[in-house]
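# Report on the structure
Spelled out, the chains give:
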Amino acid sequence: MLRLWGLAAIPAILISLLLGTGSLAIMSGLIAVFTLMALSGGALLADLKLAAALGPLIAAGTIGPRLLSEVSRPGAIAALTVMLFLAALLPLRGSRFTVSGVGLGMASLFAYGYPALGGAGHSQVVTASLTGIVTAVLVRIARGLRDPSGGARARVADLLDTSQPSTPDAYELWLSNGRRQWLQECLQGASRYRLALKSAAVAERKLGTHHDAQQASSQAALDAVRERAAGIAARVRLPQATPRAEPLDLDLDALPRPLPALIRGALEALAQIDAATASRDRTRVPAAAGDQRALEKVVSRRGLHWRSTYVRHALRVALGMALMLVLVTRLPPGDSLAITSLMMTFGILQVSWRATLAKAKDRVIGLIGGGIAATLIVLLLPPSTYVYIAGAAVLAGLWFVPTSPKLGYALFVVVSIEMGTSLRGRDPFSLLGEYVLLTVAAVVIGVVVGFAVVPGHKPLPLAERVRAALDHTSATCAALALGHRRTSPELMREAHQAAETLDLLPTGRENLSEEQSARLEDLTRSLVDLLTVAVTLGGSPTDNRHAMGSVTRALRNEPDPAHDDAPPGEPGLPLADIAHELALEARAAADDLVGPQPSQG
């Protein structure tokens, strides 16, 4: 956060001061920080496309409600509530948009609640907001000019060395970054590697009866492969080509079956990525047809339906923030705690009840610690030191919030109390009491009211959700195998239902063992990746109906002698084997979770 301050806030503040925004220059700096947060995370071209779409929305959120509040406070609250609802829905577009939603929401709230010392005109509000947004865009361009494709490479590399990578996000960034051949090869190799390594790890856990020495050797081999993957991932992230790595010499013959074959498969996949990273073939892969892109959008986005976790979260955010917005109207005009309580409530509201409760606990502990510290400062130090203490606490709080939230929130309590006391002449103890009441209100709204009015969707039993996910995914692949047009109602309907069932598959509400939770995660990720790969296969120049048929049979646990007899290395089918292995992995994970069950297909 401190880095964002240096990159975006300080330039925006200085420019705003030069443009005559007065005390709103601070608002401009924070809008720049939140906007830069919302526009970062991908390749430069992808982030600029996002800025073109999100920039006007941020401008509307930071200007509209604040100006409207001077005419109609209820109208302003309604407008801001709608904006926060839209911000909470952004993750439906993909996981990388989660931060974008947070940035949009925080920018809108801060602009609405920031108290301007001495008042501010309409032109100053507009100037401060637009200055912050434009500054953030210019900073993003400046950061990306040296390495425009860095974000896309990072997402592809994440497939190798992070615990929860996202193939759809990596694929989307690859598309928006020019569809380079070498990154496509890395995507394919990463999928092969993850499948082989996951299968090897599962096999190693199941082979619990072999000798301890063999078990130690198996674990050492898997660790060596992971270390090799981390090294290759680091080279993928580099902007320039790198020489190929030296071959990894592992003695696999002594390992129990099927580990040798699986580990060799993982190493071969890494070798494919290593070769692509060394060559950096920047040839553009032909673009997908328009009807295929329409289908890709269906399978890569979470469903907009009442049962969706994110739709319910957006409704809770709208409800909770509307209540807090109404509550802060009771505060005196210009009260600095208004913006504090609004941002606090927005931060507490999370997708799940457990995450919301955890955020609330951090805030309460931070309030206790910060309240004690603020009280000691007031009792022991002269008022002339309060501004300097608050300034130091701001910097320290920004530093600690990402890594130690409780300490960061405690420091922000100190900032609020000391700044309110020194700049506005408030009694520190009444200010602290007000802070306590607002914190209690934020916690009650987030933890109790939101989930009481909009409860979490009661999921179907796990076995039924697993069956539905397999059935709709296999039905989508079967429709592709039959050659349906990508925009045919049957295919689009099946693809939409498949995406919806995958969105509802993990809920966190079952009492699963650690291994069962891991297998549920494996199943979800395999099916999500499979849908992405299947749509890509369906749009390739080669007719891949045979490949989709094999994938369908693998998901339905039906024999497929045709796949075993297929000629290896057929042109245009490098993804077909990945799709087939993903289907086998998904079926194996489903059988481990709920037992072998025939699909209703």
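Bear in mind the structure is a predicted one, so any value in this text is a computation, not a measurement.

Rules and cut-offs
- Residues numbered from 1 in each chain as written.
- Predicted model: local features only at pLDDT ≥ 70, side-chain atom pairs only at ≥ 80, totals over all residues.
- Heavy atoms only, no water.
- Axes fitted to C-alpha atoms, helices over the stretch in contact; angles between N-to-C directions.
- Helix = DSSP H or I, 4+ residues; strand = E, 2+ residues; numbered from the N terminus.
- Left-handed = near helix turned anticlockwise from the far one by under 90°.
- Contact = heavy atoms within 4.5 Å.
- Nonpolar A, V, L, I, M, F, W, Y, C, P; charged D, E, K, R; others polar.
- Expected span 1.5 Å × (residues − 1).
- Buried < 20%, exposed > 50% of the residue type's maximum accessible area, 1.4 Å probe, protein only.
- Parallel < 35°, antiparallel > 145°, perpendicular 65-115°, else oblique.
- Core = buried A, V, L, I, M, F, W, Y, C linked by side-chain atoms within 4.5 Å.
- Salt bridge = Lys/Arg side-chain N within 4 Å of Asp/Glu carboxyl O.
- Phe/Tyr/Trp six-rings, centres within 6.5 Å; stacked < 30°, edge-to-face > 60°.
- Lys NZ or Arg CZ within 6 Å of the ring centre and 35° of its normal.
- Polar contact = N/O pair within 3.5 Å; in protein donor to acceptor, adjacent residues only side chain to side chain.

## With respect to the packing of helix α13 (residues 309–328) against helix α18 (residues 428–453)
At a closest axis distance of 9 Å, the pairing of α13 and α18 adopts a crossing angle of 145 degrees. In the packing of α13 onto α18, the handedness of the crossing is right-handed. Within the contact between the two elements, α13 uses R316, L319, G320, L323, M324 and L327 and α18 uses L438, A441, A442, I445, V449, G450, F451 and V453. When its residues are assigned to classes, the contact of α13 with α18 shows eleven nonpolar, two polar and one charged.

## Focus: helix α15 (residues 353–380)
Its 28 residues place the ends of α15 40 Å apart at the C-alpha level, agreeing with the 40 Å of an ideal helix rising 1.5 Å per residue. Within α15, burial applies to T356, A360, D362, R363, G366, L367, G370, G371, A374, I377 and V378.

## Topic: helix α19 (residues 462–481)
For α19, spanning 20 residues, the distance from its first C-alpha to its last is 28 Å, which sits close to the expected 28 Å at 1.5 Å a residue. Among the 20 residues in α19, 15 count as buried, and that is most of the element.

## Observations regarding the packing of helix α4 (residues 73–89) against helix α5 (residues 97–113)
Contact geometry for α4 and α5: axes closest at 8 Å, N-to-C directions at 165 degrees. The orientation of α4 with respect to α5, classified from their angle, is roughly antiparallel. Here α4 runs over α5; the crossing is left-handed. Along the contact surface, α4 presents R73, A76, I77, L80, M83, L84 and A87, while α5 presents G101, L104, G105, S108, L109 and Y112. Per-class residue counts for the contact of α4 with α5 are nine nonpolar, three polar and one charged.

## Quick notes on the nonpolar core
Formed by 69 residues in total, the largest nonpolar core has its most connected members in M27, F34, L54, L109, F110, M321 and L342. No other element matches the nine residues that α18 contributes to this core. Not counting residues up to four positions away in its chain, the partners in contact with F110 are I26, M27, L30, F34, I339 and M343. Residues Y193, A200, I232 and A276 belong to the second largest nonpolar core, which totals 38 residues.

## Brief notes about the pattern of salt bridges
All told, the structure shown has seven salt bridges when counted by the stated rule. As a salt-bridge pair, R226 and D223 come within 3.4 Å of each other at their nearest N and O atoms. Here D223 and R226 lie together in helix α10 (residues 212–237), a separation of three residues that amounts to about one turn. The exposure class of D223 is partly exposed, given its relative accessible area of 39%. Linking R244 and D274 is a salt bridge whose minimum nitrogen-to-oxygen distance equals 3.9 Å. Linking R244 in the loop between α10 and α11 (259–279) with D274 in helix α11, this pair joins segments that are 30 residues apart in sequence. Overall, D274 belongs to the buried group, its relative accessible area being 4%.

## A look at the packing of aromatic side chains
On inspection of all chains with the given rule, the structure shows two aromatic pairs. Measuring from centroid to centroid gives 6.4 Å for F34 and F110, while their planes differ by 65 degrees, and the two rings are edge-to-face. Of this pair, F34 sits in helix α2 (residues 25–38) while F110 is found in helix α5, placing the two residues 76 residues apart along the sequence. Put simply, the rings of F34, F110 and Y114 pair up and form one aromatic cluster. Across the ring face of W182, the terminal group of R280 is positioned such that the distance to the ring centre comes to 4.2 Å. Here the guanidinium or amino end of R363 rests over the ring plane of Y409, the centre of that ring lying 3.8 Å away.

## Here we look at the side chain of T476
Its place among the elements puts T476 in helix α19. In this structure the side chain of T476 is engaged in a polar contact, spanning 2.9 Å, whose partner is the backbone oxygen of H472. Excluding its chain neighbours within four sequence positions, the residues that come into contact with T476 are L491, E494, A495, A498 and L531.

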